[in-house]
2 protein chains.
Amino acid sequence: MDIILLSGGSGKRLWPLSNDVRSKQFIKLFKDDHGNYESMVQRVFRQIKEVDPAAGVTIATSRSQASAIYNQLGSQVSICVEPCRRDTFPAILLAAAYLHDELGKSEDDAVAVCPVDPYVENSYYECVEQLGEIVRRGRANLTLMGIEPTYPSEKYGYIIPETGESISKVKEFKEKPDRAAARNYLEQNALWNAGVFAFRLGYLIEKAHEMVDFSDYRDLYSKYETLTKISFDYAVVEKEKSIQVVRYTGDWKDVGTWNMMAEVMADDIKGQALMDETCENTQVVNELNIPILCMGCKDMVIAASGDGILVSDKERSGYMKPYVERVNTDVHFAEKSWGTYTVMDAQPGSMTVKLSMKAGECMSYHSHDYREEVWTVVSGKGRAIVDGMEQFLRVGDVVTVAPGCKHMIMADTALSIIEVQIGETISVTDKRKYEPEGAFARQDE
Amino acid sequence: MDIILLSGGSGKRLWPLSNDVRSKQFIKLFKDDHGNYESMVQRVFRQIKEVDPAAGVTIATSRSQASAIYNQLGSQVSICVEPCRRDTFPAILLAAAYLHDELGKSEDDAVAVCPVDPYVENSYYECVEQLGEIVRRGRANLTLMGIEPTYPSEKYGYIIPETGESISKVKEFKEKPDRAAARNYLEQNALWNAGVFAFRLGYLIEKAHEMVDFSDYRDLYSKYETLTKISFDYAVVEKEKSIQVVRYTGDWKDVGTWNMMAEVMADDIKGQALMDETCENTQVVNELNIPILCMGCKDMVIAASGDGILVSDKERSGYMKPYVERVNTDVHFAEKSWGTYTVMDAQPGSMTVKLSMKAGECMSYHSHDYREEVWTVVSGKGRAIVDGMEQFLRVGDVVTVAPGCKHMIMADTALSIIEVQIGETISVTDKRKYEPEGAFARQDE
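The shown structure was predicted, so the numbers you read here are calculated from the model rather than taken from an experiment. Each chain carries its own residue numbering, running from 1 in the direction its sequence is written. A letter from A marks each chain and a number from 1 marks each ligand, given out in the order of writing. At least 70 in pLDDT is required for a residue's local features to be given in this predicted model, at least 80 for side-chain atom pairs to be given and counted, and no such filter applies to totals for whole chains, interfaces and linings, which use all residues. Side-chain numbers here rest on the full set of heavy atoms in the structure, without hydrogens or water.

Student: Is there a simple way to explain unusual backbone geometry in this structure?
Tutor: In this structure, proline 16 of chain A follows tryptophan 15 of chain A across a cis peptide bond, with omega equal to 5°. Every helix listed is a DSSP run of H or I at least four residues long, and every strand listed is a run of E at least two residues long, numbered separately from the N terminus. Its location among the elements puts proline 16 of chain A in the loop between strand S1 (2-7) and strand S2 (28-31). For aspartate 299 of chain A, which is not a glycine, the phi torsion comes out positive at approximately 50°. Position of aspartate 299 of chain A relative to the elements: it lies in the loop between strand S17 (292-295) and strand S18 (300-305). At asparagine 281 of chain B, a residue that is not glycine, the phi angle is positive and equals roughly 45°. If you trace the backbone, asparagine 281 of chain B turns up in the loop between strand S15 (273-275) and strand S16 (283-286). Each residue is placed in one exposure class: buried if its accessible area under a 1.4 Å probe, protein chains only, is under 20% of its type's maximum, exposed if it is over 50%, and partly exposed if it falls in between. Asparagine 281 of chain B sits in the partly exposed class, given a relative accessible area of 46%.

Here's what the structure looks like:
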């Protein structure tokens, strides 16, 4: 079957590891069976493939995440990039049209839509397969997964099924309730609505044509900005009469806060850190290249990245959003299609960054109007094109790039460059892109 | 009167702000009356001058601290540098000989010796003046300051006076006692021995000649390495019969741990940091250029520098020494006579540092055998001498310095340079110094 993963929202709830350009699903705090660190998006992809090696995975996402997805999953997945942010109905419709018109999938194919961020067992994806099976057998137009609640939460929407059986027709949907209402729902075998559902591809394409005037994927893409912002729940689910729900009774964790993330991360310490014996129930994530020493920390989470440092009581970590908004959250770290970009120093008139490029990757051909750059190669080998001239890059080479000068770097091996940017106005928006003059196909964001 | 300040021991008890090359007395956590941050050594100097503007101050210290002292106090103080570490008797003797032979002080001058690190009120230095007065009147060969104890501490040596009066003859000295003995001493009006004492300059010179064969300061300096390691207490104080002690009853704090430092630092937050309203009794010092967010921290001290990050319960902070020894404590920050040196990135084969030079300062003329350096000027103006050739340095200039190439930088204004060091072996010991070829007098360490 085909699975559309909705990879949404950048956010600061896992600051300083998540920021405006780095979503929480790309932070590598989990581990695969070989003990290698993996991110949520890598974990989800791995789990889907373990359950169904034939599953096709398409990630519906925004332009800003495409580089990180490519960087973490390579070409194993299709990426359907929204030209701008609309709500879930346009995003799912665009991905469905992409499957049908670009990947040539049949209208009879079963398609499941899943969010990319819950921490679950493989049985969750077995349940997703079951949704597809129900769709394929024509037993319902829509099948949903319902999460067996562990407590009367006020944070989730509820699905009230007709029966308490493992597969049931849906009686009704309920918005986020108060505690008393939630308790009442639980007595009716209610389930949390976790945004997982499946349908025949043709079903959605038909629905879409009733609601939106478009011919095919490319046409839809071109008029995407004109689409109404509307959620899939509101546009489709609530109007559909033929809906079944499958109960998922396994582990399901919403790792949207450090408190929850600390519970499921693979190791108590990731990165350079040391805790004394009196530390209790504390986790440390350190992406900096300097050590963290923890003495007597209890029930805490400590996270450090190039963007900042969080020292938080676990309970309080859920309330950090307004505080994060008050600190200086200049982005110091970004994952690019070609590797990583780390700001090491920023002063008025200059910024010093470390570029770590992966072997075989290259950046886009571009120029800056308002800054010059001085590159010093500190490890690896590569090539640069500067105003059309190709030159080799070796350790110790220094290249000066004047404002207006077109340039790109290709990494022949893993390549590390210290780049000093100099100019009155240094901004990520000061960038003009050009068609590459050599034969270098892929471009970064 | 003349005051010799003993500026000793680098150490890690205030890690990551103190390290092998940066002693705690140079960390700027206090404030002067104008609200400017000052270090302990600046605070002590200011207090001495407030009490006695005519006081001469000589700092007895090691070679490694001379740059930081010059950087923080300029030429307001004399610096007597020990060629190598001996104990307090040789250090005080060398400083006394320096006062007598180099600064031309009279044998009848009163000299007081004080440690550089207690946090005290100005009345402490009034008490030091009183010691000098007693010496000048010839009432004792040695006068000591005794600190009125606030509790029966096991951490300090005790002075037992003959009476409980504000000035008394000394009956005997006691080593660090157990709690019960300390209680017993307190009943005898005992005082903490904080290493403050005064004598006639001639008295010490005479004593010294009885014990060490030397002619004058330069002779003593040249044979300093051959001197026996012995403390002043052991060599002089315990053998002297004519000793008086003056009670000091004001505030006196030993800021040797973060717990104590947190109590006396000027602000709860220094540097970029934010605490939510649920934080209690917590102090944050942040020397990094990224923010620290604290949520729900209770009774903690958090300190971050280029060397590392400490997150500690206050009580536990006194026990961190063995843990600091286990973390990677590469020194990332050093205070130089000409400004500061901050390591921003270290990889096998390269190191990237930021040099921040003060206007008017210059570094020594030197070369490296095993690394090349690439300098990029990011702010300010200056000049470089590279293999005898002077060149101007302006923002955006790039200078490449090959291994073996002699070089120095002079700052005409405040000057900031990003220096990329490249070489298989990068070490602070890879440095040869030369006489400057221009007319540049002062050299760094």
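Student: Would you explain the packing of aromatic side chains in this entry?
Tutor: Aromatic rings considered in pairs are described by the distance between their centres and by the relative angle of their planes. Stacked, tilted and edge-to-face are the three classes assigned to paired rings of Phe, Tyr and Trp, where Trp is represented by its six-membered ring and a pair needs centres within 6.5 Å; plane angles under 30 degrees give stacked, over 60 edge-to-face, the rest tilted. Counted under the stated rule, the structure contains 30 aromatic pairs over all chains. Considering the side-chain rings of tyrosine 217 of chain A and tyrosine 221 of chain A, the 6.0 Å spacing of their centres and the 50° angle between planes classify their relative orientation as tilted. A residue pair is termed a helical-turn pair when its members lie 3 or 4 positions apart in one helix, as tyrosine 217 of chain A and tyrosine 221 of chain A do in helix H7 (residues 217-222) at 4 residues. Classification of tyrosine 217 of chain A by relative accessible area gives buried; the value is 10%. Relative to tryptophan 252 of chain B, the ring of tryptophan 192 of chain B lies with its centre 5.8 Å away and its plane at 50°, an arrangement referred to as tilted. Residue tryptophan 192 of chain B is located in strand S11 (residues 191-200), and its partner tryptophan 252 of chain B is located in strand S13 (residues 252-254); the two are separated by 60 residues in the primary sequence. Here tryptophan 192 of chain B falls in the buried class, since its relative accessible area comes to 3%. One aromatic cluster is present, built from ring pairs that chain together Phe89, Phe197, Phe199 and Phe232 of chain A. Against the face of tyrosine 119 of chain B rests arginine 43 of chain B, its NZ or CZ located 3.9 Å from the ring centre. Between lysine 336 of chain B and the ring centre of tyrosine 341 of chain B, over which it is positioned, the NZ or CZ distance is 5.7 Å. By definition, being over a ring means that NZ of Lys or CZ of Arg is both within 6 Å of the ring centre and within 35 degrees of the ring normal.

Student: Explain the pairing of strand S6 (residues 110-115) of chain A to me, please; I cannot follow it from the model alone.
Tutor: Here is the key point about a regular strand: its side chains alternate between the two faces of the sheet. All names here are of chain A. When you tally the buried positions in S6, you get 6 out of 6 residues, the bulk of the element. Judged by which residues are buried, S6 turns out to be covered on both faces: Ala110, Ala112 and Cys114 on one side and Val111, Val113 and Pro115 on the other are all buried. Sheet topology places S1 next to S6; 5 bridges connect them, and they run parallel. Opposite leucine 6, over in S6, you have proline 115 as the bridge partner. Both S6 and strand S11 (residues 191-200) contribute to a ladder of 4 bridges, which runs antiparallel. Residue pairing for S11: valine 113 is matched across the bridge by phenylalanine 197. For two strands to pair, DSSP has to find at least two bridges joining them.

Student: Can you walk me through the sheet that holds S17 of chain A in this structure?
Tutor: On the basis of which strands lie adjacent, the open sheet formed by 6 strands has the order S15(A)-S17(A)-S19(B)-S18(B)-S16(B)-S14(B) and mixed pairing. The open sheet has two edge strands with one neighbour each: strand S15 (273-275) of chain A together with strand S14 (269-270) of chain B. Sheet analysis places S17 of chain A next to strand S19 (residues 308-313) of chain B, joined by 4 bridges and oriented parallel. Paired with leucine 293 of chain A across the bridge in S19 of chain B is leucine 310 of chain B.

Student: Teacher, can you tell me more about the pattern of salt bridges here?
Tutor: A pair is scored as a salt bridge if a Lys or Arg side-chain nitrogen falls within 4 Å of a carboxyl oxygen belonging to Asp or Glu. If you walk through the whole model with that rule in mind, you get 45 salt bridges over all chains. One salt bridge connects glutamate 373 of chain A with arginine 371 of chain A, and the closest N-O pair in it is separated by 3.1 Å. By relative accessible area, glutamate 373 of chain A is classed as buried at 2%. Among the salt bridges present, the one from glutamate 263 of chain B reaches lysine 253 of chain B, with a minimum N-O distance of 3.8 Å. Of this pair, glutamate 263 of chain B sits in helix H9 (residues 258-264) while lysine 253 of chain B is found in strand S13, placing the two residues 10 residues apart along the sequence. Residue classification places lysine 253 of chain B among the partly exposed positions, given a relative accessible area of 25%. Among the ionic contacts, a cluster of salt bridges with common partners joins Glu38, Arg46 and Glu50 of chain A.

Student: Looking at this structure, how should I read the environment of valine 327 of chain A?
Tutor: Inspection of the secondary structure puts valine 327 of chain A in the loop between helix H10 (321-324) and strand S20 (333-336). Residue class for valine 327 of chain A comes out buried when judged on its relative accessible area of 9%. Taking the C-alpha atoms as reference, valine 327 of chain A lies 9.1 Å from glycine 308 of chain A; in sequence the two are 19 residues apart. Two residues form a contact once any of their heavy atoms are found within 4.5 Å. Beyond its immediate chain neighbours, meaning those up to four positions away, valine 327 of chain A contacts Trp15 of chain A together with Leu274 and Pro291 of chain B.

Student: I keep staring at the packing of helix H3 (residues 88-102) of chain B against helix H6 (residues 201-211) of chain B and nothing clicks. Help me out?
Tutor: All names here are of chain B. Lines fitted to C-alpha atoms define the axes, with helix axes restricted to the stretch in contact, and inter-axis angles between N-to-C directions lie between 0 and 180 degrees. Orientation of H3 relative to H6, taken along the N-to-C sense of each, is 125°, at an axis distance of 10 Å. Looking at the two axes, H3 sits oblique to H6. When the axes of H3 and H6 are compared, the crossing they make is left-handed. The residues of H6 that touch H3, namely those facing Phe89, Ile92, Leu93, Ala96, Ala97, Leu99 and His100, are Leu201, Leu204, Ile205, Ala208 and Met211. Of the residues assigned to the contact of H3 with H6, the class counts are 11 nonpolar, 1 polar and no charged. In this scheme, roughly parallel covers angles under 35 degrees and roughly antiparallel covers those over 145, while 65 to 115 is roughly perpendicular and the rest are oblique. Should the near helix be turned anticlockwise from the far one by less than a right angle, the crossing is left-handed, and should it be turned clockwise, the crossing is right-handed. Any residue that is not Ala, Val, Leu, Ile, Met, Phe, Trp, Tyr, Cys, Pro, Asp, Glu, Lys or Arg is counted as polar, Gly included; the first ten are nonpolar and the last four charged.

Student: Help me out: how do you make sense of helix H1 (residues 40-51) of chain B in this one?
Tutor: What sets the pattern is the α-helix's 3.6 residues per turn: residues three or four places apart point alike. Residue and element names in this part refer to chain B. Here a helix's expected span is defined as the number of its residues, less one, multiplied by 1.5 Å. For H1, which comprises 12 residues, the first-to-last C-alpha distance of 17 Å matches the rise-based estimate of 16 Å (1.5 Å per residue) to within 8%. Where burial is concerned, most of H1 is hidden: 9 out of the 12 residues are buried. Met40, Val41, Gln42, Arg43, Val44, Phe45, Arg46, Gln47 and Ile48 are the residues of H1 that are buried.

This is a description of form; function is not addressed.
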